[in-house]
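# Summary of the model geometry
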Amino acid sequence: LRLLAFLLLLHSLALAQQNSHPNIVVILTDQWRGQALGFLGKEKVFTPNLDALSNEGLVLTQMVANYPVCSAARAMIFSGTYPVKNKVHANANSKSAPFGVELPTDMVCWSDVLKQQGYSNGYIGKWHLDAPYRPFIPTANNKEDLAWNEWTPPHRRHGFDYWYAYNTYDFHSRPMYWDTKAQRDSFHYVDQWGPEHEADKAIDFFNNKGNVRNPNEPFSLVVSINPPHEPYNTAPAQYHEPYKNIPIDDLLTDADIPPAGTPMGNEYRRDIKNYYASITGVDAQIGRIIRALKDAKLFDNTIILVTADHGNCLGKHGEHSKNNIYEASLRIPFIICWQGKIKAGIDSSFLGSLPDIYPTLLDLAGLKKQIPGTIDGISYADYFVGRSKRRPSEQFFMGAIAYDPAEYGRSGFRGIRNADYKLAFQKKAGETMAYLFDLRNDPFELQNIYRADHPQVKLLKPRLEMLLKNYKDDFSVDD
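All of the points below concern the structure found in this document. What you are looking at is a predicted structure, and each value in this text was computed from that prediction instead of being measured. Along each chain, residue indices are assigned from 1 in the same order as the chain's sequence is written. The predicted origin of the model limits local features to residues at a pLDDT of at least 70 and limits the giving and counting of side-chain atom pairs to 80 or more, whereas totals for whole chains, interfaces and linings rest on all residues. As a rule here, side-chain values cover all heavy atoms of the structure and leave hydrogens and water aside.

Under the DSSP-based scheme used, a helix requires at least four consecutive residues in state H or I and a strand at least two consecutive residues in state E, with every element numbered from the N terminus. Within the protein, the secondary structure is distributed over 11 helices and 14 strands. Against the compact-globule benchmark of 23 Å for 479 residues, the protein has a radius of gyration of 22 Å, which places it among compact chains. For the protein, the spread of C-alpha atoms along the principal axes amounts to about 80 × 50 × 45 Å. Residue burial is assigned from relative accessible area. The probe radius is 1.4 Å, only protein chains are included, and a residue is buried under 20% of its type maximum, exposed over 50%, and partly exposed in between. With 479 residues in all, the protein has 60% of them scored as buried. Any two residues whose heavy atoms approach within 4.5 Å at even a single point are treated as in contact. A fraction of 69% describes how many contacts in the protein between residues 6 or more apart in sequence connect residues 24 or more apart. We get accessible surface area from the Shrake-Rupley algorithm with a probe of 1.4 Å; when it comes to residues, only the shown protein chains can shield them. By element, 52% of the accessible surface of the protein is carried by carbon and sulfur atoms, the whole surface being about 19200 Å². Radius of gyration: C-alpha atoms only; globule rule: 2.2 Å multiplied by the number of residues to the exponent 0.38.

Compared with the 48 Å implied by 1.5 Å per residue over 33 residues, the 48 Å span of helix α7 (residues 263–295) between its first and last C-alpha is a close match. At Asp271, α7 shows its largest kink, close to 45 degrees. A positive phi of about 60 degrees marks Lys297, the residue just after α7. Here, expected helix span is obtained from the residue count minus one, scaled by 1.5 Å. Fitting axes to the seven residues ending at a residue and to the seven starting there, one defines the bend at that residue as the angle between these axes.

Burial analysis of strand β8 (residues 302–308) places seven of its seven residues in the buried class, which makes it a mostly covered element. Covered by surrounding structure in β8 are Thr302, Ile304, Val306 and Ala308 together with Ile303, Leu305 and Thr307, the residues of both alternating faces. Pairing geometry for strand β1 (residues 23–29) and β8, over seven bridges, is parallel. If you follow Thr29 over to β8, its bridge partner there is Ala308. In terms of strand pairing, β8 meets strand β9 (residues 334–337) through four bridges, oriented antiparallel. Each residue of the ladder has a partner; that of Thr307, found in β9, is Phe334. For two strands to be treated as a pair, DSSP must find at least two bridges joining them.

Here we come to the nonpolar core. In this structure, Trp32, Phe78, Trp110, Phe206, Ile336, Leu354 and Phe384 are the most contacted members of the largest nonpolar core, which totals 134 residues. The residues contacting Phe206, other than those within four sequence positions of it, are Val25, Arg213, Phe219, Leu221, Ile289, Ala292, Leu293 and Leu298. Buried residues of nine kinds, namely Ala, Val, Leu, Ile, Met, Phe, Trp, Tyr and Cys, make up a nonpolar core once their side-chain atoms join them within 4.5 Å. Counting residues in each nonpolar core, the second largest holds 12 residues, with Ala328, Leu330, Phe397 and Leu439 among its members.

For the rest of this paragraph, the subject is the packing of aromatic side chains. Two aromatic rings, drawn from Phe, Tyr or Trp (for Trp, its six-membered ring), form a pair once their centres lie within 6.5 Å of each other, and the interplanar angle then sorts them: stacked below 30 degrees, edge-to-face above 60, tilted otherwise. Applying the stated criterion across every chain, the model contains 35 aromatic pairs. Residues Tyr123 and Phe160 carry aromatic rings whose centres are separated by 5.2 Å and whose planes lie at 70 degrees to one another, so their mutual orientation is edge-to-face. Residue Tyr123 is found in strand β3 (residues 120–126), and its partner Phe160 is found in the loop between β3 and β4 (162–166); the two are separated by 37 residues along the sequence. For the pair Tyr123 and Phe160, one class covers both residues: buried. Ring plane angle 25 degrees and centroid distance 4.6 Å describe the contact between Tyr164 and Tyr177, whose orientation is recorded as stacked. One end of the pair, Tyr164, is in strand β4; the other, Tyr177, is in strand β5 (residues 176–179), and 13 residues separate them in sequence. For the pair Tyr164 and Tyr177, one class covers both residues: buried. Following the ring pairs from residue to residue traces out a cluster consisting of Phe78, Trp110, Tyr123, Trp127, Phe160 and Trp163.

With that settled, the discussion passes to the sheet that holds strand β2 (residues 58–60). Taking strand neighbours across the sheet as the criterion, the 10 strands line up as β6-β5-β4-β3-β7-β1-β8-β9-β2-β10 in an open arrangement whose pairing is mixed. At either end of the open sheet lies a strand with only one pairing partner, and these are β6 (188–189) and β10 (345–347). As defined by bridge partners, β1 adjoins strand β7 (residues 219–225) across six bridges and the pair is classed as parallel. Counted as the bridge partner of Leu28 is Ser224 from β7. On top of the sheet, helix α6 (residues 194–206) reaches β1, β3, β4, β5 and β7; it is set at about 175 degrees to β7, its chief contact. A fitted line through C-alpha atoms represents every axis, and for helices the fit uses only the stretch in contact; the resulting angles, taken between N-to-C directions, go from 0 to 180 degrees.

In structure tokens form, the structure reads like this:
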């Protein structure tokens, strides 16, 4: 009896430890623009599961990807820092590899902190923070002139114990993965649409199939889904069905879509239904993940974040996809839910940034003291929980930076965005172009109203210069 009582006590203590910190589930999608959510009513896209989640969580409609390209955005999310610190100032591939463009091993990510605090951490899907090296892995997107994919060895997984991932691979109908114990040459393919398979693996993780996590510890899980990243036509047929009878003209109401007969106008018309079908398919998998959490009685004690690494112009403004200054590229979905803790609602005033995710998640999880003082991000947990007055008044953004760090300050664009205006400077062919958009009165950014004596330029330009100085970015905003 004494032994039984002792074992029951240990079990109770383990459960108490498990419940002392919430679980964390981050669903990170790729190339999903923030305007493409059904409940917002801006685009005719079907997202019933996120529509439902928006009633249970906090929605930030003004969230941006501060560097709207895959690797750079992901590095900011995981490291809480901007590229000068985290070294990921471009996409990780074989052309950027000689310049060290990959997440440093000694960078302390939020997953490293969780690991130190006893969390079981899992990662499923796209990583894209490691550079390829020769001999390149023999996958379809690794060519001699440009390679993208690479194995992530255990010492570079930043505290993620369970690993079922790849760096980047865009063949969504037959994805490939390395599992936790796989070596570099022992990846495998799956004959299933990537988002569906990754939702399956997430559900297995929640149910602890194969004992992949410690059931007596809180867990974090990242489900990094590649679609709606191109190619857009891979979603299973049932997700295309809602769009079959919608006239194409009904999907062309935004003023920033180029006309038919132009290359980007034609591209938009060709891809928009397939893009929406991919979104609807991913939404269905997010719904499965949420239902699985509820079925496993984990939902109430789990912080759930759904977001994306960047948006997608899809031809808008003559831009193929991302890595540009426009709203369709910068804006991303952001829904965060913690039942009974995070105050639900749609917030169109909060100016969220990717580096802030790191400290906010740790703060919400009761780990405020463990947040490193070296990160750039700021915790807004108090705002998420109780709508405190403290909130950001601006967003710094950047992109299209050259691979060579010596060209860092002489390439790409930098900008600042507030609730009403966006100011940006872009360097091309040795010249600097300046842009000012009135986001409230010109939401599709059709009129560049920049002039040096504009009141908003006088307000925002010094703020941008100060942010560049703070982040040790030597980009000059000389117009």
